[in-house]
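# Observations on chain architecture
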Amino acid sequence: LANTAWAFAKLGHPAPRLLSAVAVAATRRAGELKPQELASTAWSFAAANHSAPLLFDAIAQAAVLRVDQFGPRSIALTAWAFSRASHASPALFDALAARATPLLDEFDAQGLANLAWSFAAAGRPATALFDGIAAAAGPRLAAGEDKPP
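To keep things clear, this report deals only with the structure shown in the data block. The shown structure was predicted, so the numbers you read here are calculated from the model rather than taken from an experiment. (Residues numbered from 1 in each chain as written. Predicted model: local features only at pLDDT ≥ 70, side-chain atom pairs only at ≥ 80, totals over all residues. Heavy atoms only, no water.)

Below, the discussion takes up the overall build of the protein. In terms of regular secondary structure, the protein is built from eight helices and zero strands. Mapped in sequence order, the helices and strands of the protein form the string α-α-α-α-α-α-α-α. Here the C-alpha radius of gyration of the protein, 15 Å, is about what a compact globule of 149 residues would show, namely 15 Å. In terms of overall dimensions, the protein has a C-alpha envelope of 45 × 30 × 25 Å along the principal axes. (Helix = DSSP H or I, 4+ residues; strand = E, 2+ residues; numbered from the N terminus. Rg over C-alpha atoms; globule rule 2.2 N^0.38 Å.)

Set out below in structure tokens:
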């Protein structure tokens, strides 16, 4: 499910009927999806600009329960997707902030930027997270990590 939605979103190929069917199936199975699958599914629907509020609710609920299994990429993708989709989920953002803060040294510069943007766009102040992002990003930017490889 996640790979199918990702492929269509990545290519920008409109497939509203397919995405609606994927949304129904993924909503039912959200509790079974791995963290990367939850993040990828949310990213796909946000990137495709396909409204699926019940799916986002199910992803948020499943993600909060397993946030301790999320790595930096899944955290950043999930936060970005919920912000991009304008889907409010305070409990999810709180859980993502709590999980991300001790892992900030594992984020790359792009992940830190996406995380900061996501929380700001969602209007979710997370002081400890932003303090940590500032501390982690400064040295990386000074070392030139913002430049493409």
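Once that is clear, we can look at the environment of Arg-84. As for its position among the elements, Arg-84 is in helix α5 (residues 72–84). Separated by 41 residues in sequence, Arg-84 and Trp-43 place their C-alpha atoms 8.6 Å apart.

To continue, consider the side chain of Ser-74. The topology assignment puts Ser-74 in helix α5. Given a relative accessible area of 6%, Ser-74 falls into the buried group. Reaching out from Ser-74, the side chain makes a polar contact with the side chain of Gln-36 at a distance of 3.0 Å. Not counting residues within four places of it along the chain, the set of residues in contact with Ser-74 comprises Pro-35, Gln-36 and Ala-39. (Buried < 20%, exposed > 50% of the residue type's maximum accessible area, 1.4 Å probe, protein only. Polar contact = N/O pair within 3.5 Å; in protein donor to acceptor, adjacent residues only side chain to side chain. Contact = heavy atoms within 4.5 Å.)

We now examine the packing of helix α1 (residues 2–11) against helix α3 (residues 35–47). Two elements in contact, α1 and α3, have axes whose closest approach is 8 Å; the angle formed by their N-to-C orientations is 35°. When you trace α1 past α3, the crossing you get is left-handed. Judged by residue contacts, Ala-2, Ala-5, Trp-6, Ala-9 and Lys-10 of α1 engage Glu-37, Ser-40, Thr-41, Trp-43, Ser-44, Phe-45 and Ala-47 from α3. Residues that form the contact of α1 with α3 fall into these classes: seven nonpolar, three polar and two charged. (Axes fitted to C-alpha atoms, helices over the stretch in contact; angles between N-to-C directions. Left-handed = near helix turned anticlockwise from the far one by under 90°. Nonpolar A, V, L, I, M, F, W, Y, C, P; charged D, E, K, R; others polar.)

One pass over the structure, following the stated rule, counts three aromatic pairs. A centroid spacing of 4.9 Å and a plane angle of 80° characterise the contact between Phe-56 and Phe-82, whose relative ring orientation is edge-to-face. Residue Phe-56 is found in helix α4 (residues 53–65), and its partner Phe-82 is found in helix α5; the two are separated by 26 residues along the sequence. Judged by its relative accessible area of 1%, Phe-82 is buried. Judged by centre distance (5.0 Å) and plane angle (85°), the rings of Phe-93 and Phe-119 are edge-to-face. Taken as a pair, Phe-93 in helix α6 (residues 90–100) and Phe-119 in helix α7 (residues 109–121) lie far apart in primary sequence, 26 residues in all. With a relative accessible area of 1%, Phe-119 lands in the buried category. (Phe/Tyr/Trp six-rings, centres within 6.5 Å; stacked < 30°, edge-to-face > 60°.)

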